[in-house]
Amino acid sequence: MEDSLMFTSIQEKLLNQPWSELWKPIFAAVLVAIVSIKLISRMKGKKYNLPPGPRTLPIVGNMHLLFGDVLPKKLAEVARDNNWPIMSFKLVNKQKVFVVSSPEITKEVLVTNGLAFASRSPPTFSQKLMVRDMHGNDAGVLFTPYGKTWKDNRKLMVVGQSEHRRIHGDGFIVDLLQVLYQEIATKKGALSRNGEHPFEVRTMITRVFLLRIFLVFIFGPGAEKYGEELNALNDVMFYCLDLSEFAKWFFPMFEPLFELYWGKIVTRNCIKSKFKILEGILKDRPKFENRKQSGDKFAFCDILLEAEKKGELTHDGLLHLLDEVIFAGQETTAKAIEGAIKELALRPDILKKIQQEMDEVVGNRPFRLTDVEQLPYFQAFIKECLRLHRTLTILVPHMSMEDTKLAGYDIPKGSSIWINVWAMAHDPKVFPDPFTLKPERFLDWNVGLTGEDPRYIVFGAGRRICPGSPLAMNCTYMILGSLAQNYDIRFPKDWTKDKKTVFGFIPKERPLEVTHVLAILL
Ligand code: HEM
């Protein structure tokens, strides 16, 4: 009773209070609350000794530094000019990002402290649809957070490739190359201009031909006739991924709006359409004539079908993995091969050396994967091309799963680590004259491709290292070795070397055209 009387009197007091007097205490209370929150969060922030970084602007953080040049190059300049092998970088969305540009710290992230950094940054709205199956379970590998599903799926990818190589070796690529030679001989897809017959490398080799290799690897001989629509769908998928990244970094407030159309409609439909194609190929598989002729032997999808049968993989999870082999593998391998073909056209002196080495070791018989070991100059050329024409200029961002330290600095849990491998591959202290192709660098330096030396990272290193490197290198060696052995490659007379690099997940350049002269009779 007493309480209710007191309440009524306070209420009356407040209601009778003129507004001119009431706003002051309210304003003071709000001010005190804001200052206290700021102070508390600053005190919390002080707990960390974070890496240094460029001065931030209100709202945009450090994003203004990225204008005017492509992302890895600009980040490399800022790191080099300030001598920051690791630096803090602020995005508009306030996500904690640390950019690593030194081999020593790269090794700490990927190997020494590998477990702490083995996860991925929270997925963008497009990535979300790649890391979850239709039942909401984890799926895929590329953007999938650290955990059992990621581990199991990676294992399937690795075992599937080694089993395929054990059974088929390079035979399936050798067979497909015969078809490519035929097409080149009959000038299929060539443009016919100024008395020449140039062809677009992207169209003929890295889209059509590489996809055929991937399809036969996944489903078996006969599958090469399927799935050309996958190329167009993957283009859309890359676009959606770039856009979702763009929205996350630059316009986090409007992310849900972007997601409404580009995520929930475009990305979702794109994935659905890709899965429908893959499902169709799986269904048609028993009808493949060439597969029957080759004795219905193992293909990559068999390892996944077996896991599905055992209940270790859902059918939707299986489709995610099939799709990821093509999505994560084709564009990256294409970029490596295109870069190398371009160098062969630009540098006839280097092509001559490769051909001389091939003449001595391989002669007139078809080039095979087992020859690579005997071809040190060819190997060095490929390594140098992989350095110069980086497929991923920044590794897929890693995320710290706990508070940890790098180079003595604190790295809070949940931070995103961007490893700028472009910066390291163009560091003049490690690679003098870094923008010039010099295979000789790798003749005396017998570094491998597995990231054992952090000065030369192609496929990553440690737990998250690319699981597709065997397939990627089989394709790269076989396509480039065969082309170099059989053709003199050069640019058409009217080729202009201007290139346009477009900002994105994987930098895109002007389509590459080359023409060829038969060097050795097949
Ligand atoms: C020349 C071609 C290729 C290059 C240069 C390349 C490079 C890379 C790099 C740098 C990473 C990130 C490593 C990291 O985050 O630390 C990666 C991850 C990955 N790559 Fe590749 N890759 C190539 C081809 C392939 C192929 C053919 C496949 C498919 C079989 C593939 C599947 C993947 C997957 C699934 C991941 C994610 C691994 C994980 O997060 O655990 N890649 N690749």
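Structure shown above.
Here's what I pulled together on the structure shown here. (Residues numbered from 1 in each chain as written. Predicted model: local features only at pLDDT ≥ 70, side-chain atom pairs only at ≥ 80, totals over all residues. Heavy atoms only, no water.)

Right, let's talk about the overall build of the protein for a bit. Per the secondary structure count, the protein includes 18 helices and 10 strands. Of all 522 residues assigned to the protein, the portion counted as buried reaches 50%. Here the analysis covers contacts within the protein between residues at least 6 apart in sequence; of these, 73% occur between residues at least 24 apart. As displayed, the protein has an accessible area near 25900 Å², and 59% of this comes from carbon and sulfur atoms. (Helix = DSSP H or I, 4+ residues; strand = E, 2+ residues; numbered from the N terminus. Buried < 20%, exposed > 50% of the residue type's maximum accessible area, 1.4 Å probe, protein only. Contact = heavy atoms within 4.5 Å. Areas by Shrake-Rupley, 256 points an atom, 1.4 Å probe, with all protein chains shown as cover.)

This part covers the coordination of the iron atom of the ligand. Counting protein donors to the iron atom of the ligand gives just one, C466 (SG), placed at 2.3 Å. Inspection of the secondary structure assignment puts C466 in the loop between α17 (441–444) and α18 (469–486). (Donors = N, O, S within 2.8 Å, 3.2 Å for Na, K, Ca; no water.)

Burial analysis of strand β2 (residues 96–100) places 4 of its 5 residues in the buried class, the great majority of the element. With 5 bridges joining them, strand β1 (residues 86–90) and β2 adopt antiparallel strand pairing. Bridging across to β2, F89 finds its partner in V97. The turn joining β1 and β2, which pair antiparallel and follow one another in sequence, is formed by 5 residues; a positive phi near 65° is taken by K94. (Pairing = 2+ DSSP bridges.)

Close to the ligand lie 27 residues; R120, R154, H398, R464 and C466 are nearest. Within the side chain of W150, a nitrogen or oxygen atom sits 2.8 Å from an oxygen atom of the ligand. Measuring from an oxygen atom of the ligand, one finds a side-chain N or O atom of R154 at 2.7 Å. When each cavity is represented as a set of grid points, the ligand is found to reside in the largest cavity. Of all the secondary-structure elements, those providing two or more residues to the shell around the ligand are α6 (148–168) and α13 (315–346). The element that contributes the greatest number of residues to the shell around the ligand is α13, accounting for 7 residues. (Near = heavy atom within 4 Å. Polar contact = N/O pair within 3.5 Å; in protein donor to acceptor, adjacent residues only side chain to side chain. 1 Å grid on protein atoms, 1.4 Å probe; cavity = no way out; pocket = protein on both sides within 12 Å on 5 of 7 lines; lining within 4 Å. Sits in = over half its atoms within 2 Å of the grid points.)

Taken by themselves, the reported measurements are silent on function.
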